[in-house]
Amino acid sequence: MGGAAADQGDIHLTAGDGNRLLAHFARAARPNGAGMVVLPDVRGLHPFYRELAQRFAETGIDAVAIDYFGRTAGDDERGEAFEYGPHVERTTPEGVAADTRAAVEHLRSGEMGEIHSVFTTGFCFGGSNSWNQSAAGHGLAGCIGFYGRPARSRPFLDRMRVPLLMLIAGADSTPQDEFERFDGELTGAGVEHRMMVYPGAPHSFFDRSSSEFEAASADSWRQILDFVKEHSRQR
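Note that the coordinates shown come from a computational prediction; the quantities given were computed from them, not determined experimentally.

Chemist: Sorry if this is basic, but what is going on with the pattern of salt bridges here?
Modeler: Any two side chains of opposite charge can pair, given that their charged atoms come close. A complete count under the given rule lists 13 salt bridges for this structure. Notably, a salt bridge pairs aspartate 41 with arginine 43, separated by 2.9 Å at the nearest N-O pair. Since its relative accessible area comes to 10%, aspartate 41 is described here as buried. The residue glutamate 230 makes a salt bridge to arginine 194 at a minimum N-O spacing of 3.5 Å. On the criterion of sequence distance, the pair formed by glutamate 230 in helix 8 (residues 214-231) and arginine 194 in strand 8 (residues 193-198) is long-range, its members being 36 residues apart. Look at the salt bridges and you will find they share partners, linking Arg154, Glu178, Arg181 and Glu185 into a network.

Chemist: Even after reading the chapter, I still don't get the packing of aromatic side chains, so can you show me in this structure?
Modeler: What describes a pair of aromatic rings is the distance from one ring centre to the other and the angle between the planes of the rings. Within this structure, the stated rule accounts for 17 aromatic pairs. Taken together, the ring pairs in this structure connect Phe48, Tyr49, Phe56, Phe123, Phe146, Tyr147, Tyr198, Phe205, Phe206 and Trp221 into an aromatic cluster. The ring of phenylalanine 82 has arginine 78 lying over it, and the distance from NZ or CZ to the ring centre is 4.5 Å.

Chemist: What is the right way to look at the sheet that holds strand 2 (residues 20-28) in this model?
Modeler: Pairing between sheet strands relies on hydrogen bonds along the backbone, with the strands arranged either parallel or antiparallel. If you walk across this open sheet you meet the eight strands as 1-2-4-3-5-6-7-8, and the pairing is mixed. Lying at the two open borders of the sheet, with one neighbouring strand each, are strand 1 (5-14) and strand 8. Averaged over all adjacent pairs, the angle separating strand axes in this sheet is 15°, with direction ignored. Pairing of strand 2 with strand 4 (residues 62-66), which is carried by four bridges, proceeds in the antiparallel orientation. Note that in strand 4 the partner of histidine 24 across the bridge is alanine 65. The sheet contacts of helix 8 involve strand 3 (34-39), strand 5 (117-123), strand 6 (142-146), strand 7 (164-169) and strand 8, and relative to strand 8 the element is tilted by about 170°.

Chemist: How should unusual backbone geometry be read in this particular structure?
Modeler: Both trends apply: most residues other than glycine have a negative phi, and most peptide bonds are in trans. Its identity is not glycine, yet tyrosine 147 carries a phi of approximately 35°, on the positive side. Among the secondary structure elements, tyrosine 147 is positioned in the loop between strand 6 and helix 6 (150-153). Judged by its relative accessible area of 4%, tyrosine 147 is buried. Of note in the backbone geometry, serine 204 takes a positive phi value of approximately 65° without being a glycine. By the secondary structure assignment, serine 204 is in the loop between strand 8 and helix 8. On the accessibility criterion, serine 204 (43% relative accessible area) is partly exposed.

Chemist: I tried to follow the environment of histidine 46 on my own but got confused; where do I start?
Modeler: As for its placement among the helices and strands, histidine 46 is situated in the loop between strand 3 and helix 1 (47-58). Taking the C-alpha atoms as reference, histidine 46 lies 8.4 Å from aspartate 67; in sequence the two are 21 residues apart.

Criteria and cut-off values
Residues numbered from 1 in each chain as written. Predicted model: local features only at pLDDT ≥ 70, side-chain atom pairs only at ≥ 80, totals over all residues. Heavy atoms only, no water. Salt bridge = Lys/Arg side-chain N within 4 Å of Asp/Glu carboxyl O. Buried < 20%, exposed > 50% of the residue type's maximum accessible area, 1.4 Å probe, protein only. Helix = DSSP H or I, 4+ residues; strand = E, 2+ residues; numbered from the N terminus. Phe/Tyr/Trp six-rings, centres within 6.5 Å; stacked < 30°, edge-to-face > 60°. Lys NZ or Arg CZ within 6 Å of the ring centre and 35° of its normal. Pairing = 2+ DSSP bridges. Axes fitted to C-alpha atoms, helices over the stretch in contact; angles between N-to-C directions. Contact = heavy atoms within 4.5 Å.

This is the structure we're talking about:
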């Protein structure tokens, strides 16, 4: 266990295309050498994802959660009333990849200590985006995604080079046969991956405050930590 977050706070990163984006970092008090880029849902850098970055730091994983909307909404803090829909529509896979790379580079810069294995994890919109980073050439150790949409990731299938962990809600609005089809496509393409399905769990089940889906939430958290340990390069 890492024990706690030694430091945390909002920062601004600059992507390779010049985009300036808001992000939140959490540095582990007892780092294990792994780093995590957190890709949020459509809300962008919502408080849940700041808290999740801190939760990763508590396990020893240094983390950076990013916002998606620097190109269209600026890099300032936004409140609950922010209408994210029009901004989500204006994101591009290339922009998300550039912003992710900025977070990866920050983790590797030495400012957060020595990090030897970097992962991504994402949720819903971010789940697909996280899987897509397997094809982006960031030199990642693994890409984790909750309840993403295979249709958003299928165009990147033939370029995926990094292992995937797919955490699937059994009662998601996306049909289960679509995930099963994608599972087979990944196998056919030779992409290393593991798909975990949580029967009866709804979209967005991963939440420590939900007692109804506590078992699925806890198990998926264990799956993430085991995946990171399995795919991390040893010090």
